[in-house]
Amino acid sequence: MGTLKLKGKDLLKLGFPNNQSINIALEVMKRNFATKNIHHVKTLLKNILHEPQNFADDLTFGQIAEALLTSNKTEKRMLLQNRVPFQIFGNNISDETKNQLYTGLKLPISVQGALMPDAHLGYGLPIGGVLAVENVVIPYAVGMDIGCRMSLSILDTPISYLDGAKDKYEKALAEHTKFGMNEVHKTHIDNEIFERDTFDLIPILKRMKGKAHKQMGTSGGGNHFVEFGEVEITEEEAQIDLPKGKYLGILSHSGSRGFGAEIAQYYSRVAAEQCPLPKEAQNFAWLSLDSHLGLEYWTAMTLAGDYASACHDDIHRRLLKAVGGRVKARIENHHNFAWKEIHNGKEVIVHRKGATPANENELGIIPGSMTAKGFIVRGKGNPDSLHSASHGAGRQHSRGACKNLFTQNDIKKELKLKKITLLGGSTEEAPMAYKNINEVMNAQSESVDILGTFQPRIVRMKGK
DNA sequence: ATGTCC
């Protein structure tokens, strides 16, 4: 693939002011004219420079016009002295993690923050961090895996089948789930998501459409999993509409794959260029929701979220086809995303990076580990947590540390003890790498009520 | 998290 040979110097020569408009123009042009004639591009840039108002409403070039029409974009934003209000849940969170949140709380656009009890170090906002801001979106505070989410299908299949026909369930996971960088499904059924005109409106999405289609229904790597297990409903709830008791369930954890990752990387980079911040706050660079780029990211993020959701549906559909049974209830939620919400009577943008939305009466699923029970929860709308809860137990040992701490044999022993079958997996994802989920749940009892549990029984992850 | 560094 060719690259447009356009430099900032060329733009200065054309008469562009020496400010952010140069970076933006370079980005837009490189994105839209990867292989086009440079003279054509320069003529177009000259037209935009001389009459930016004519391009102000243009979907593609509007952001260049906007940068030319507003001159102060290069001004470095300072952090404020004081932190906006926040609450930290749980007492097992490192100082470094807390410091990451504290930096976010001093941004001039911040309104309120929180750390969930599973919080640990991330880029910019920690994993398990929640940040409410005013009228901007922070790509890195959504995270690299946009729309990473949980989906639980509760089936009408008798729970005894899990033991009675264990081979069938294992085989279904082995054959019909795809993990890692290269595994994809051989065939796909039509999916509404690929009809969306958003793909054609934003160049980066258009370019990614083929890959998104190819990766549909795959799970990726890291802490992602698909598993069969035992759902137990311990409290009846109209939204679930199931009597108390045990059910066979499918639980999946994954996100928007390469599609969302590329969106996240691209807009994090342009945000960093557009929104210079002191070094410690660089990964909090934001895009205004009154700007073209901000709205573009919001649109792309929304599509990545819907794509992630469609991937889970596809995973569950394939498994259901293989093992039979019908879905009686579905509980699902994003945990890497940004939402427009009202808090304290004011509309804010709430970023949850590794945090489960827990608005009043909102259902969610918080996994434990591959051996420990996860929880079906109902949000309490706790203002202190910005209506949020943890997205799991959280790591107590880093990936690197796990390699020295645990052997494959340690994992095997733990799995045998808990009667769990694991397909794939790695020492980095050892069940012992995670905090005690019960302590995590105790630390957020003001944020969610527990309606039931999910005990994994047959788990598939990336790996041999 | 990510065809894990165009």
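- If you look chain A up in an unreviewed UniProt entry, it shows as 3'-phosphate/5'-hydroxy nucleic acid ligase from Frigoriflavimonas asaccharolytica.
- According to its UniProt record, chain A has this under Catalytic activity (unreviewed entry): "a 3'-end 3'-phospho-ribonucleotide-RNA + a 5'-end dephospho-ribonucleoside-RNA + GTP = a ribonucleotidyl-ribonucleotide-RNA + GMP + diphosphate".

**Focus: the sheet that holds strand β1 (residues 86-88)**
- What the five strands build is an open sheet, ordered β1-β2-β3-β11-β10; its pairing is mixed. In this open sheet, the two strands that pair with only one neighbour each are β1 and β10 (336-343). Put simply, the sheet's adjacent strands are angled 15 degrees from each other on average, direction ignored.
- In terms of strand pairing, β1 meets strand β2 (residues 110-120) through three bridges, oriented parallel. The residue bridging Gln87 from the neighbouring strand is Ala114, located in β2.
- The strands that helix α5 (residues 95-105) touches are β1, β2 and β3 (127-133); relative to β2, the one it contacts most, it runs at about 165 degrees.
- Its contacts with the sheet place helix α12 (residues 292-323) against β10 and β11 (346-353), and it is angled at close to 115 degrees to β10.

**Examining the packing of aromatic side chains**
- With the rule as written, the count across this model stands at 11 aromatic pairs.
- Ring centres of Tyr267 and Tyr297 lie 5.5 Å apart, and the angle between their planes is 65 degrees; on these two criteria the pair is classed as edge-to-face. Of this pair, Tyr267 sits in helix α11 (residues 257-274) while Tyr297 sits in helix α12; the two residues are 30 residues apart in sequence, bridging distant segments of the chain.
- By relative accessible area, Tyr297 is classed as buried at 0%.
- Put simply, the rings of Phe194, Phe199, Phe259 and Tyr307 touch in pairs and so form one group of aromatic residues.
- Directly above the aromatic system of Tyr102 lies the positively charged group of Arg83, at a separation of 3.9 Å from the ring centroid.
- Residue placement shows Arg352 over the ring face of Trp339; its charged tip is 4.9 Å from the ring centre.

Parameters and conventions
- Residues numbered from 1 in each chain as written.
- Chains lettered and ligands numbered in written order.
- Predicted model: local features only at pLDDT ≥ 70, side-chain atom pairs only at ≥ 80, totals over all residues.
- Heavy atoms only, no water.
- UniProt positions renumbered as here; feature names shortened; annotations may be inferred.
- Pairing = 2+ DSSP bridges.
- Helix = DSSP H or I, 4+ residues; strand = E, 2+ residues; numbered from the N terminus.
- Axes fitted to C-alpha atoms, helices over the stretch in contact; angles between N-to-C directions.
- Contact = heavy atoms within 4.5 Å.
- Phe/Tyr/Trp six-rings, centres within 6.5 Å; stacked < 30°, edge-to-face > 60°.
- Buried < 20%, exposed > 50% of the residue type's maximum accessible area, 1.4 Å probe, protein only.
- Lys NZ or Arg CZ within 6 Å of the ring centre and 35° of its normal.

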